[in-house]
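Take a look at the letters that make up each chain.
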Amino acid sequence: MDYLKKLFDDELYNEGEVDIRGNVFYKNDILLNLDEVAYNNTFEEWKKDRQENLLSRAEEIKKLYDNSDRLDKLCEIFSSNKIIPFVGAGLSSKSGLKLWKEFLLQIKKGVSVDESLFNDLIERGEFEEVAQLLCDADEDYLQEQISNHFGKNFNIDNIYGVIRRLPELFDQSVITTNYDDLLKIVYEENGKSFHYEMNGLDAEEFGSLLNQGRNVLLKLHGTYTSRNKRVLTRSDYERHYNENNTISKCIERLFSQSLLFLGCSLNTDRTIKAMAEFVSNQGADSLPKHYAFLSSNELSDQDRIEKRKLLQKSNIYPIWYDGEHHDEDIEALLEYLLKTKIAN
């Protein structure tokens, strides 16, 4: 079912049931079955109202901080089809998949580790060290939990949030650090299956395929299926970012176009460090700028400025939103990009 139509039906459904002498009916079924024309007209009106609300929210976000000119610049790049989405765990969370901190905290309940060390690493956001600690304690259990959680058998109606609209906005390649299959399912459902699905650990051809305009799903850190085909622990990062240099080389190829980070926290992890090192070596002005939709909700003004300065080292420039509803604010900004592109 079309994602927006599903949201519309859910909204009608949640308005309550109609009980006629013990026979229960739901408003979406009543409207659709009694008058399909009225149902379709009401749906179109609902879509228009929803779009206007999203665009109104985007205008509010645009006025925040130093967003205005930066968002205009991103609109120019988006309108010329020269941007690739980089999707993080935040876009899968609406479908019930945990963010990394939540997932690691869940794993910790099943293994015996140094409590003080674990809490200290979690507090500092050093998730690869946390994963290493859990792996050293019980590697098989860690892999089983990864496979169980991120390998859940989703169908399109179990997938929620702005991730469902990505094929409407980006019809070429997508990059993700997520292990799950949500992007693959969403693009297939929209008739835009990827020509290639590549693991970052063996993506030597990625740059070439990108230049040819092929639709590629690049899973930069691998997938849930095998501990040998994913990057999670400190030793995984050391092996694939430093020793083999496989992913570092892949990241260099990402600078062929601008990236838009969606649902990514963009803390100081290996990916950001590798990008910063490449920018330092090549020179920022010679490379495309990247953009990110980021929450400022828990940041002081000083923290926000410091994070912006840190991300600039990787040629990443944030567009901040201040709401608590991350998915909705990201969708509002994407709706704004789409409106600008259509207007041009």
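Residues numbered from 1 in each chain as written. Predicted model: local features only at pLDDT ≥ 70, side-chain atom pairs only at ≥ 80, totals over all residues. Heavy atoms only, no water.

1. Looking at the packing of aromatic side chains
Next, step 1: Counted by the stated rule, this structure contains 13 aromatic pairs.
Next, step 2: An aromatic cluster of at least three residues, connected via ring pairs, comprises Trp100, Phe103, Phe150 and Tyr179.
Next, step 3: It is Arg304 that lies over the ring of Tyr65; its NZ or CZ is 3.8 Å from the centre.
Next, step 4: One cation-aromatic arrangement involves Lys341 over Phe78; the distance from NZ or CZ to the ring centre is 5.1 Å. (Phe/Tyr/Trp six-rings, centres within 6.5 Å; stacked < 30°, edge-to-face > 60°. Lys NZ or Arg CZ within 6 Å of the ring centre and 35° of its normal.)

2. Quick look at the packing of helix α13 (residues 246–253) against helix α14 (residues 270–282)
Next, step 1: Where α13 meets α14, the axes come as close as 10 Å, and the angle between the chain directions of the two elements is 60 degrees. Judged by the angle between their axes, α13 and α14 are oblique. When you trace α13 past α14, the crossing you get is right-handed. Note on element contacts: α14 touches α13 through Thr271, Ala274, Met275 and Phe278, opposite Ser248, Ile251 and Glu252.
Next, step 2: Residue composition of the contact of α13 with α14, grouped by class: 4 nonpolar, 2 polar and 1 charged. (Axes fitted to C-alpha atoms, helices over the stretch in contact; angles between N-to-C directions. Helix = DSSP H or I, 4+ residues; strand = E, 2+ residues; numbered from the N terminus. Parallel < 35°, antiparallel > 145°, perpendicular 65-115°, else oblique. Left-handed = near helix turned anticlockwise from the far one by under 90°. Contact = heavy atoms within 4.5 Å. Nonpolar A, V, L, I, M, F, W, Y, C, P; charged D, E, K, R; others polar.)

3. Let's talk about helix α10 (residues 182–189)
Next, step 1: Residues Leu182, Leu183, Ile185, Val186 and Tyr187 constitute the buried set of α10.
Next, step 2: Elements in contact with the buried residues of α10: β3 (83–87), α9 (166–169), β4 (174–176) and β6 (216–219).
Next, step 3: In the segment just after α10, Gly191 is the residue with positive phi, at about 70 degrees. (Buried < 20%, exposed > 50% of the residue type's maximum accessible area, 1.4 Å probe, protein only.)

4. Re the sheet that holds β3
Next, step 1: Strand order in the open sheet formed by 7 strands is β5-β6-β4-β3-β7-β8-β9, and the pairing between neighbours is parallel. In the strand order of this sheet, the two ends are held by β5 (196–199) and β9 (316–321), each with one partner. Across the sheet, the axes of successive neighbouring strands diverge by a mean angle of 20 degrees, strand direction being ignored.
Next, step 2: Taken together, the 3 bridges between β4 and β6 define a ladder with parallel strand orientation. (Pairing = 2+ DSSP bridges.)

By themselves, these figures tell us nothing about what the structure is for.
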